[in-house]
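Reading the structure
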Amino acid sequence: FCFWLVDMAGRTKVVMPFAVVGMNSILIYLLTQTLGAQWFNGFTGIFAGGLSDLLGITEHLRAIIVALAALVLEWLFCYFLYRKSIFVRV
C-alpha cells in the first residue's frame, strides 16, 4: 500500500512527517540516546507533572503524555533542521 501510495499515486505529502525524521535519522537517534533522554524528557516531565497534578491524571497516563510531548519536540527539532537543509551524513 505504501509503495502504491507514494510511488504510483504520487502522494508524497502523506509521508512528509516520516521524511523529516528520516533525513536526520542518525542525529535524532543520537539525540534521544544522549541529550534527549535527559533534557527532553526532563523538560516535558516538569510541565506534564504539574499539569497532571492539577487535572488528577494517573501516573501511567502522565508517562504517555511525557513521551508524546518529547516525541513532538524531537520532531520539531528535525523539522527545523529539514527546513534549513541541515543533514547529518556518515
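Scroll up to find the structure this text is about.
Numbers given for residues are sequential positions, taken from 1 along each chain in its written order. Restriction of local features to residues with pLDDT of at least 70 applies here, the model being predicted, together with a cutoff of 80 or more for giving and counting side-chain atom pairs; totals for whole chains, interfaces and linings are based on all residues. With hydrogens and water stripped out, all remaining heavy atoms of the structure feed into the side-chain values.

Attention shifts here to the overall build of the protein. What counts as a helix is a DSSP run of H or I of at least four residues, what counts as a strand is a run of E of at least two, and both are numbered from the N terminus. For the protein, the helix and strand inventory stands at five helices and zero strands. Across the protein, helices and strands are ordered from the amino to the carboxyl terminus as α-α-α-α-α. In terms of overall dimensions, the protein has C-alpha extents of about 50 × 30 × 20 Å along its principal axes. The classification of residues rests on relative accessible area computed with a 1.4 Å probe and restricted to protein chains. Under 20% of the type maximum is buried, over 50% is exposed, and intermediate values are partly exposed. Per-residue burial over the protein gives 19% buried out of 90 residues. In what follows, a contact means two residues having at least one pair of non-hydrogen atoms within 4.5 Å. For the protein, contacts bridging at least 24 residues in sequence account for 67% of all contacts bridging at least 6. In the form shown here, the protein has an accessible surface area of approximately 6,900 Å², with 70% of it arising from carbon and sulfur atoms. All accessible-area figures derive from a Shrake-Rupley calculation using a 1.4 Å probe, and residue coverage is judged against the displayed protein chains alone.

What follows deals with the packing of aromatic side chains. Centre-to-centre distance and the angle between the planes together describe a pair of aromatic rings. The rule is short: rings of Phe, Tyr and Trp, with Trp giving its six-membered ring, pair when the centres are within 6.5 Å, and they are stacked under 30 degrees, edge-to-face over 60, tilted in between. This model, assessed by the stated rule, comprises three aromatic pairs. For the pair tryptophan 75 and tyrosine 79, a centre-to-centre distance of 5.2 Å together with 10° between the ring planes defines the contact as stacked. Remark: tyrosine 79 and tryptophan 75 occur in helix α5 (residues 59-83); sequence separation between them is four residues, near one turn of the helix. What makes tryptophan 75 partly exposed here is its relative accessible area of 25%. For tyrosine 79, a relative accessible area of 25% puts it in the partly exposed group.

Turning to a nonpolar patch on the surface, a few remarks are in order. Nonpolar side chains (Val, Leu, Ile, Met, Phe, Trp, Tyr) are joined into patches within 5 Å and like charges within 9 Å, using only residues with over 30% relative accessible area and no salt bridge. Salt bridge criterion: a side-chain nitrogen from Lys or Arg within 4 Å of a carboxyl oxygen from Asp or Glu. Side chains of Ile26, Tyr29, Leu30, Val88 and Val90 sit close together on the surface and give an oily, nonpolar patch of about 530 Å² of accessible area. Structurally, tyrosine 29 can be placed in helix α3 (residues 25-33). According to the relative accessible area criterion, tyrosine 29 is exposed, its value standing at 51%.

Next up on the list: the packing of α3 against α5. Simply put, an axis is a line fit to the C-alpha atoms, just over the touching stretch for a helix, and the angle between two N-to-C directions goes from 0 to 180 degrees. For the pair α3 and α5, the least separation of the axes is 11 Å and the interaxial angle reads 145°. Remark: the crossing between α3 and α5 carries right-handed chirality. On α5, the residues that touch Leu27, Ile28, Leu31 and Thr32 of α3 are Glu74, Phe77, Cys78 and Leu81. Crossing handedness follows the turn of the near helix against the far one: under a right angle anticlockwise gives a left-handed crossing, and clockwise gives a right-handed one.

In this section: the side chain of glutamate 74. Note on placement: glutamate 74 falls in helix α5. For the purpose of counting charges, residues Lys and Arg are taken to be positive, whereas Asp and Glu are taken to be negative. His and the chain ends are not included. For the buried glutamate 74, no salt bridge is present, and the opposite-charge side chain at shortest range is arginine 62, 16 Å distant. Every residue in contact with glutamate 74, bar those within four places of it in the chain, is listed here: Ile28, Thr32 and Phe40.

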